[in-house]
Every structure is written in C-alpha cells, then in structure tokens.
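Remarks on the overall topology
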Amino acid sequence: MRVLVTGASVAGNTCAWWLGRAGFDVTVVERAPAFRYGGQNVDVRGVGRAVLRCMGLEQAALALGTGEEGTAWVEEDGRVAAQFLTDEIGADGPTAEMEILRGDLAQLLFDGARDHARYRFGDHVVAVGQTVDTATVTFAGGTTEDYDLVIVAEGVGSATRALVFPGENRPRPMDLTIAYFTIPRRADDDRLWRWYHAPGGRSVSLRPDRHGTTRAMLSVQKPPEGEQDWPTERQKAWLRATFADAGWQAPRVIEGMATTPDFYLDVLRQIRMPRWSAGRVVLCGDAAWCVTPIGGVGTTLAVTGARVLAGELALAADPLDALGAYEQAMRPMVGQAQGVPRFASRLANPHSRTGIRILHAVMAAASRPAIRKTAGRVFGGGGDAGEPDLSRYDAPGEAVPTPATTQRRRVPPVAALALAGLVLGAGVLLGRRASRSASARPPRTDSARRRRS
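Let us look at the structure shown here. (Residues numbered from 1 in each chain as written. Predicted model: local features only at pLDDT ≥ 70, side-chain atom pairs only at ≥ 80, totals over all residues. Heavy atoms only, no water.)

1. Structural notes on empty space enclosed by the protein
Selection criterion: Throughout, the protein atoms alone are placed on a 1 Å grid, and a set of points is a cavity if a 1.4 Å probe fits but cannot get out or a pocket if it is open with protein on both sides within 12 Å along at least five of seven lines; lining residues have an atom within 4 Å of a point. Grid points are joined across faces, edges and corners, and a volume is the space filled by probe spheres set on the points. Gly is put with the polar residues, along with every residue not named as nonpolar or charged; the nonpolar set is Ala, Val, Leu, Ile, Met, Phe, Trp, Tyr, Cys and Pro, and the charged set is Asp, Glu, Lys and Arg.
Scanning the entire structure with this criterion turns up two cavities of 30 Å³ or more. Roughly 30 Å³ of volume is contained in the second largest cavity. As for the second largest cavity, its lining consists of Ala8, Glu30, Phe35, Arg36 and Arg102. Of the residues assigned to the lining of the second largest cavity, the class counts are two nonpolar, no polar and three charged.

2. Quick notes on helix H1 (residues 10-21)
For clarity, the cut-off: The numbering of helices and of strands both runs from the N terminus, where a helix is a DSSP run of H or I of at least 4 residues and a strand a run of E of at least 2. Multiply 1.5 Å by the residue count of a helix minus one, and that product is the helix's expected span. Burial classes follow relative accessibility: with a 1.4 Å probe on protein chains only, a residue under 20% of its type's maximum area counts as buried, one over 50% as exposed, and anything between as partly exposed.
Over its 12 residues, H1 runs 17 Å from end to end, which matches the ideal 16 Å to within 8%, given 1.5 Å per residue. Of all the 12 residues making up H1, 11 are buried; the element is thus mostly covered by neighbouring parts of the structure. Restricting attention to buried positions, one finds in H1 the residues Val10, Ala11, Gly12, Asn13, Thr14, Cys15, Ala16, Trp17, Trp18, Leu19 and Gly20. Gly23, located one to two residues past H1, shows a positive phi value of around 100 degrees.

3. With respect to the sheet that holds strand S13 (residues 192-198)
The criterion, for reference: Any two strands with at least two DSSP-identified bridges between them are counted as paired. Geometry is summarised by axes, namely lines fitted to C-alpha atoms with helices restricted to the contacting stretch, and by angles between N-to-C directions that run from 0 to 180 degrees.
Within the open sheet, the seven strands sit side by side as S5-S4-S13-S14-S15-S12-S16. Their pairing is mixed. Of all the strands in the sheet, just strand S5 (80-85) and strand S16 (264-270) have a single pairing partner and so form its edges. The average angle at which neighbouring strand axes cross in this sheet is 20 degrees, direction not considered. Here strand S4 (residues 70-74) runs beside S13; their pairing, made up of five bridges, is parallel. Residue pairing for S13: Gly70 is matched across the bridge by Leu192.

4. Topic: helix H8 (residues 250-257)
Stated precisely, the cut-off is as follows: Should any heavy atoms of two residues lie within 4.5 Å, those residues are considered in contact.
Across the eight residues that make up H8, a large majority, six, are buried. Buried residues of H8: Ala250, Arg252, Val253, Ile254, Gly256 and Met257, and no others. In this structure, the buried side of H8 is in contact with strand S12 (172-184), strand S14 (202-208), strand S15 (213-221) and helix H7 (232-242).

5. Regarding the pairing of S5
For a regular strand, the rule is simple: side chains alternate between the two faces of the sheet. Sheet topology note: the S4/S5 ladder contains five bridges and is antiparallel. Paired with Ala72 across the two strands is Gln83, which belongs to S5.

6. Remarks on the packing of helix H11 (residues 298-315) against helix H12 (residues 319-337)
Rule in force here: Note on angle classes: values under 35 degrees are labelled roughly parallel, values over 145 roughly antiparallel, values of 65 to 115 roughly perpendicular, and the remainder oblique. A clockwise turn of the near helix away from the far one marks a right-handed crossing, whereas an anticlockwise turn of less than a right angle marks a left-handed crossing.
Across the interface, H11 lies against H12 with an axial gap of 8 Å and an inter-helix angle of 155 degrees. Here H11 lies roughly antiparallel to H12, going by the angle between them. When you trace H11 past H12, the crossing you get is right-handed. Contacts from Thr300, Leu301, Thr304, Gly305, Val308, Leu309, Glu312 and Leu313 of H11 reach H12 at Pro319, Ala322, Leu323, Ala325, Tyr326, Ala329, Met330, Met333, Val334 and Ala337. Each residue belonging to the contact of H11 with H12 can be placed in one class, and the counts come to 14 nonpolar, three polar and one charged.

7. What about the packing of aromatic side chains?
Heads up, the condition is: When two rings of Phe, Tyr or Trp (its six-membered ring) have centres within 6.5 Å they constitute a pair, described as stacked for plane angles under 30 degrees, edge-to-face for angles over 60, and tilted for the intermediate range. Placement of a charge over a ring requires the Lys NZ or Arg CZ to be within 6 Å of the ring centre, with the centre-to-atom vector within 35 degrees of the ring normal.
All chains considered together, the criterion is met by 15 aromatic pairs. Measuring from ring centre to ring centre gives 5.9 Å for Phe181 and Phe263, while their planes differ by 35 degrees; the resulting arrangement is tilted. Of this pair, Phe181 sits in strand S12 while Phe263 sits in the loop between H8 and S16, and the two are 82 residues apart along the sequence. Take Phe181: its relative accessible area is 0%, and that puts it in the buried class. With a centroid separation of 5.9 Å and an interplanar angle of 90 degrees, the aromatic rings of Trp230 and Trp238 are classed as edge-to-face. The same class applies to Trp230 and to Trp238, which are both buried. Sitting over the face of the ring of Tyr147, Arg2 holds its NZ or CZ atom 4.7 Å from the ring centroid.

Shown next as structure tokens:
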C-alpha cells in the first residue's frame, strides 16, 4: 500500500515511523529544502509519553530535554512574583518532565523513520485528484504519482488541506498573537522559564535550551488582524513598536529579534474541521485539529493521533474503514482539548497593572506548599477518559500501556499555564476570604466599603 505523508512535522514523522515499520510503502514530502531543526519548546504528557515509550524513544526524548527547571512569573525589575519548580511539584506542572524543543523531537522521530520511508524535500503538493481506488497527486516539481492514501500533516496553515477541503475549515481565533525566535544567551539566564507581563495584554518570555541559546516569545492579547500573513519585516516593525515601552528585558529581546535565524509569528487559531478525511485523503495533527498552545497538549495530540491513524490502517482491510475508526477514536480527546474558552487568553494576559498584580498574587498563592501539588495536577494531569485505547495496536517495542495508565481521569487544562493556576488560586483566596467574612468580620459600613473599593 503506497502512502504519501505531506509534512515532515511531528505528526508526519510519527506516521512515517509507524507505517514504515508496519510494511507500508511510505513517502514523505516536505516543502522546506532540508529538514527543519528549529522551533520553540514543546512538551509531551500522558498518552503521548506512552506512544513514545512504545516507540522506544521516551528516554532519548528525556535526554534531549531543554533542562528547564520550572516557571517563574517576574516583575518589571526581575523579582520573582511566583514560581513553580519541577522538583517541588512532583508531577508535570507548567514545565513538563518531557520539555523538549520542537526541532529536537522532530529530528528524533525523523531519524527513526527515514530508514523505513523515503523523504522528498523542496517539493509540495499542488493538486490532488481521486478515483474510488486511487489518489493522484501532482507535485510542484512537475511529477504526478498515484497513492492509495494521502496523509496531510502540514500544520495549522496547511495548503494541501485547502486543496482537498476547500472552505470547510472554520478557524476559532483565540485572541493571542505570539512571535517565537532564538536570541543569544546571557550569563544571567538561568534554567527557569521567566514570564513577564506588561500592561496592554503584552508578555515577554525567556526559556532555556540545550544549545547554548535562549528561546524568546513576545505575545499580545488582542483580536486577530491577519498578522500571520504580513511580511516578516512588517511583523517585526509592529513588534518593535508594540514592545518599545514594555519594560523588563523587552529591549534585549527586540534587539535579538533583528538578527535571529528562526523568527516565526502566528495568530493563534484552532482548526475546526467537520471531517478529517475525504476519500483517500486524511488530516492528522494540527492540520486536522490545532488546539493552539493555549490548549497545552498540541504535541501530545500530534504523536497520539499519528499512532492511532497508523494503528487503524494496519488493522483494517480497507483503508477507508480505518479513517472512520481513527476519527472516532480521536474526536473525544481533541474535543476536550479544544474546549478552552476564548477568554482564557485575556485572563492569562491581563491588560492593566491591577490585573497583573492580581495574576501574580493568585499564582503566588497557588504555588504555596500546601496546594502546589494540587496545582501541578491541574497543570499536568495524568490520564484522561477521552484518550484513545492504545492497547488495540501491536507495538514493535515495549508493551502498550495498560488502561490504568491511559484512562485515568484528569482535571482538563484551562489555558494551559496561567489560567489553571488562576482558577485554582482564585478559589483558594475567595474561600479564605469568605470564611473570614462569615466568622469574624462585622457588617461593613459605607466608609469600609469605600476603603475596599
């Protein structure tokens, strides 16, 4: 069975890894002229870790980790307002145990897949025609080839998805624009993810890597205005103007942005598709269901979805039957991940100084020893009743996880990082305030009400 995978992404490489080992004739086409090693931090949790474990890659992925030791919310002068340290939480918190650069994870998967699949770089799909039995693909390089199945794993802006599913995507904007890039490391950069908020819904993040550089993020909470389609220089000019007075290390980040080798800006939007397959073409990863970083499980979904798709194809006599089973297995987990409310980005990125102070106070409360392990469970979770049952599929490596590993119920992530702590901490603070009010506080006078306001 001839399979074309479009996109040497995390999902694409995972599909190629499993299908190649199952005996499929796999070709991966990638628009970039060579394998892309860059990218920012991603994490893999829960069932995604189980997939990597089955592939025999879990320990290698942990060894390639960024070395990030926790997350700190900082004031303008650099003082830590709140922090979660990985060695204190005892579970995946804002910083997961498996925290790795996207390029490092993709390379790990690529290295394991290319002995079982052909890779074609510097080319892409420009047309797809279908009959009952075949998908006929025309490439930008001028060739036309027939395949039994085409797997589209290109990412949120997939051009091949637009060719095969025109007008079907109903993207859900999450009102957050983020720029990612690498800047030179300084002597005072430590192993924490340092997250700074400035008024106007702006934030600056610095994260460590294992390559001697620092990964920077600039984000702005606002409705989308098509910034992802602007030329790079216009994007950078807009960021320079937007963060000119932001404070903390914004000047350093803006300076590093001018010469960075890997600048990338995106307007966060979920991909909402009514179906993931059309005939012999199927979507996987962000091309099918992008949940955005706010959902917190994008990479986990990518490797899990690829595993389920490959597993169903290996089981089915008819690949079209496999595509329906794949969608049925993955829809619950995707639906839960996409359930983050749009206002989450606003809560996690306050627009006023008062809002920033409240966020810092809530995060500080959530990080106290009495409740920080609970906060860690909210951030990281364990299993999820919506996760697919991997025990259906044969694995070439270690045994698949038992249902006890993958089916434990977890508290779903709410805006991944800040919002999870915000909800938890707010509940604690409000509970204590209500308790004090009921037991000890006399009725408030008008002057007391004015003082509180």
